[in-house]
Amino acid sequence: MAESVTKLYLPLTTLITYSLVLTLVVKDLTLTSVLTSVPLITSYFLSRKYFTLVLKGLAVFIGIYVATSLTTQYVVTKSLSIEYVLTNSLRILGITYLALTTLRFVSDYLVINYLRRGSVTSIITQLVVATNSLRNVLETTPELLFVVRNNYGLVGGLKGFIKSYVAVAKVATLNTLLRVIQYYESLITRLPKQYRTN
Amino acid sequence: MIRVELRRVLIRGEEVVKDVSFEVPNSEVHLIAGPSGSGKSLILKLVAGLVHTLYGGVEVDGEVLINDLSPKEALVKGLVTYVPQDLSTTLVTKSLVSELRALGIKPDYGVIKSLGIEDVISRDFSELSAGMKYRVLTALVTHLRPAALLLDEPSTYVDPPTLKPLLKLLRYLSSEYGTSVLIADHRVSLISKYCDEVHYLGGTTECCSCELLNTSSSSYLELRDVWFRYSRGSEWVIKGLSTPYLRNSLVCVVGGNGSGKTTLARLIVKYLRPIKGLVKVPKKVFYVPQEPIYWFIDDDVLSTVKSLSVKDPRELIKSLGLNPKKAPHALSVGEARRLGIYVALTSGADLVVIDEPTIGLDEESRVCVKELIGSSLESGKSVVITTHDREFIRGLRPDLVIDLGGLGG
C-alpha cells in the first residue's frame, strides 16, 4: 500500500507542479526546455516503449503546430518569433506527456487498490479496456504500416504514401474494435464476480 | 461439469457448428480438435458465456450448461475462466505480480516455477513474447481456481518443451480442485496424451494446386555479422549472426519463446535495422507477421487475393475453403493466417518471410503449407520461416537452420 501511495502521489504532485509552472509562470525558452526535459527523461527510464509511442504522436502534432503557427504569424504580422513558437511547442510536449503519465499512474493506482473490493466502477474498467486496446493497436501500427506498404507494394510516390496511410487507418480502426472485444472477452472471465454482470 | 449439446450454431445466417455434443465431468481434461474454421473457438466462447454476453447475430439451437447453470449465469458467478487464442489482450495492470495483487491473490510460486516464468512475473506484460504471454495468462487463470477452465490453442504460442509442464499443470489443477478443463487445439498428437477424451469437429482441408507466379532471378539472402538489441544497455537479442550467401533457398529459424525469432524476421524484412552488420535481401519481399494477424486492406477475401497479385485467385480461395465475399476481419485466426501464408507463397515476391507459420493451422493445413513452400521454392523464391515447432520443419529439408536456442535437443 505504502509503495502504491508513493508511486501515485510523488509523481502526481510533481507533474501538477510542473504543468502549472509551465503554463502560468515561465516565459523563458531555456527554462521551459529544462522543465520539459526533466520529466520526459525521467519517464523515459520508467517506460521507454510508452515514451517513444507518445513522442511519435506528439512529434507529428508539434510539427503541424510549428508550421501553422509560423505561417499565421508571417501572414498576420509579417514577422516571425521563433522563440515564441518553440516555447509553446515545448509546453504542448511537456503538458500532454505529463497529463498522459498522470492518467497512467492514476488508473494503475485505482485498479491495483480497488479492483478486488468492487470499488472500481464499470466505466473505469471499460476505460482501462479501451485505453489498453488503443495502446496495443498503436504499438502494432508501425509494423502494420510496414506490412501494408511492403506487401501491397505501396512504396514510393505521393499516391502510394497516401493510399498506405488511408488503408492503415482503416485496418487499424477495425483492429481496434476487434481488440476491444478480444480484450473484454479475456478480461471479463478473469475479473472478480461483481464485474461480470454484462 | 461442462455439458454441450448443440444442434447447430449460425453466425449471420451461416452455419458454423452442427451436431456437437459432449460432457466434461469435474476433474477431467478434454480436447476439442478440428480444422481451422470448424468452430472450436466459437464453442469455447459459448461455454464461457461470451457469445450470449458480447455478440449479436449468433443463433444457437441447443444447450450449454456449466454446473447446471447457463453460460451467462456461470460467467456472472465467476465459475468460468478463459484464455483466448489471440494474445493481443493485455492485463489490467502492468505485470502478473501486480495483477494478482489487484485481485487479492497470493502468488503460487509452484505454479509460476512449473511454467518457467519466474523471470518475467514483474515485467510489463506488453513487452513479453507471445509464448510468454500465454504462459503468464495460464498462470493467472490457474490462480483463480475456476470450476471450468477453457484454453484456446495453447500449442500455437507455447513451445513444446513448455507445453508439457503446462498440460501437466492443468491435469494437476483439474484433479486437485475438481476443475473441468476444456482445450481447443489442432495439435491432437501433442495434447491428447494429457487429456481424458478428445472430441473431433468435422470439416476437411483441401491443399492448393494453384499456379504460382514466377519470381525474378534475384531470390537471395545473406546475413553478415548481424547484431541487434532494442535499446542501449539492454541485452543483445541477435549476436553476430552470419549466413552464407543463399539463393533460392529455404531457411528455418527455430528457438523457444522469447529467443529472438520475431526480431530476426523483422531484421530480414528490414522493418528493423541491425545495430551492426549487414542484411542482404532482394527488393520484392513478402512478410507475414505474427502480429497483427489482420493486415488485409481490402473489403473481402476475393479482392484481397486479387490485389496481392496471385495468378489464380479463385483456385486459391477454393483451396482455402473460404467464402470469397467474406470480410477478412470476419475470418477466424486460423483462416486469416492461412490466407496470409497462401497469398505470400503464391505471389511474385522473391523472398517470403513467415513469422510462426503454424499459428492457427490444423494438421492438414500444415501439410498443405509445407507442400506450398516446396512449390514456391520450385518457382524460384527464397523462403524464411521462424518457428518454435521443430516438428513442422521436419520433412521440409531446409538449406539452413538457424537455432536461436531455448528448445532443447
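K.L.:
Honestly, the packing of helix H13 (residues 333–346) of chain B against helix H14 (residues 363–378) of chain B in this entry has me stumped. Any pointers?
P.N.:
Packed helices, taken two at a time, are described by the angle their axes make and the gap between the axes. Residue and element names in this part refer to chain B. For the pair H13 and H14, the least separation of the axes is 9 Å and the interaxial angle reads 15°. When the axes of H13 and H14 are compared, the pair comes out roughly parallel. Of the two possible hands of crossing, H13 and H14 adopt the one that is left-handed. Contact residues: Arg338, Ile341, Tyr342, Leu345 and Thr346 in H13; Ser365, Cys368, Val369, Leu372, Ile373 and Ser376 in H14. For the contact of H13 with H14, a count of residues per class yields seven nonpolar, three polar and one charged.

K.L.:
Which parts of the structure should I look at to understand the interface of chain B and chain A?
P.N.:
By convention, interface size is frequently given as the accessible area that disappears when the constituent parts associate. In this complex, chain B contributes 58 residues to the contact, which on the side of chain A involves 47 residues. Between chain B and chain A lies a buried interface of about 4700 Å² when both sides are counted; carbon and sulfur atoms form 57% of it. On inspection of chain B and its partner chain A, the count reaches four salt bridges. Salt-bridge contacts for Arg190(A) lead to Glu99(B); the nearest nitrogen and oxygen are separated by 3.6 Å. Here chain B and chain A share 13 residue pairs in polar contact (both at pLDDT 80 or more) between them. Mapped by element, the contributors of at least two residues to the side of chain B that touches chain A are helix H1 (40–48), helix H2 (50–54), helix H3 (71–76), strand E5 (80–83), helix H4 (96–102), helix H6 (130–143), strand E14 (285–288) and helix H11 (301–307) of chain B. Tallying contributions element by element places H4(B) first for the side of chain B that touches chain A, with four residues.

K.L.:
Hey, could you run me through unusual backbone geometry in this one?
P.N.:
What you tend to see is this: most non-glycine residues have negative phi, and most peptide bonds are trans. All names here are of chain B. For the bond running from Glu291 to Pro292, omega is 5°, close enough to zero to count as cis. Mapped onto the elements of the fold, Pro292 is located in the loop between E14 and H11. For Asp19, which is not a glycine, the phi torsion comes out positive at approximately 45°. Topologically, Asp19 is positioned in strand E2 (residues 14–24). Located in the positive-phi region is Arg397, a residue other than glycine, with phi close to 50°.

K.L.:
Looking at this structure, how should I read the nonpolar core?
P.N.:
Generally speaking, soluble globular proteins have nonpolar side chains that are buried together. Ile117(B) and Ile373(B) are the most contacted members of the largest nonpolar core, which has 121 residues in total. Residues within four places of Ile373(B) in sequence aside, it is in contact with Leu250(B), Leu345(B), Val383(B), Ile385(B), Phe392(B) and Leu396(B). Ranked by size, the runner-up nonpolar core spans 38 residues in total, among them Tyr184(A), Leu42(B), Val51(B) and Ala74(B).

Cut-offs used in this document
- Residues numbered from 1 in each chain as written.
- Chains lettered and ligands numbered in written order.
- Predicted model: local features only at pLDDT ≥ 70, side-chain atom pairs only at ≥ 80, totals over all residues.
- Heavy atoms only, no water.
- Axes fitted to C-alpha atoms, helices over the stretch in contact; angles between N-to-C directions.
- Helix = DSSP H or I, 4+ residues; strand = E, 2+ residues; numbered from the N terminus.
- Parallel < 35°, antiparallel > 145°, perpendicular 65-115°, else oblique.
- Left-handed = near helix turned anticlockwise from the far one by under 90°.
- Contact = heavy atoms within 4.5 Å.
- Nonpolar A, V, L, I, M, F, W, Y, C, P; charged D, E, K, R; others polar.
- Buried area = accessible area lost by both parts, 1.4 Å probe.
- Salt bridge = Lys/Arg side-chain N within 4 Å of Asp/Glu carboxyl O.
- Polar contact = N/O pair within 3.5 Å; in protein donor to acceptor, adjacent residues only side chain to side chain.
- Core = buried A, V, L, I, M, F, W, Y, C linked by side-chain atoms within 4.5 Å.
- Buried < 20%, exposed > 50% of the residue type's maximum accessible area, 1.4 Å probe, protein only.

The values reported here are purely geometric and, on their own, carry no functional implication.
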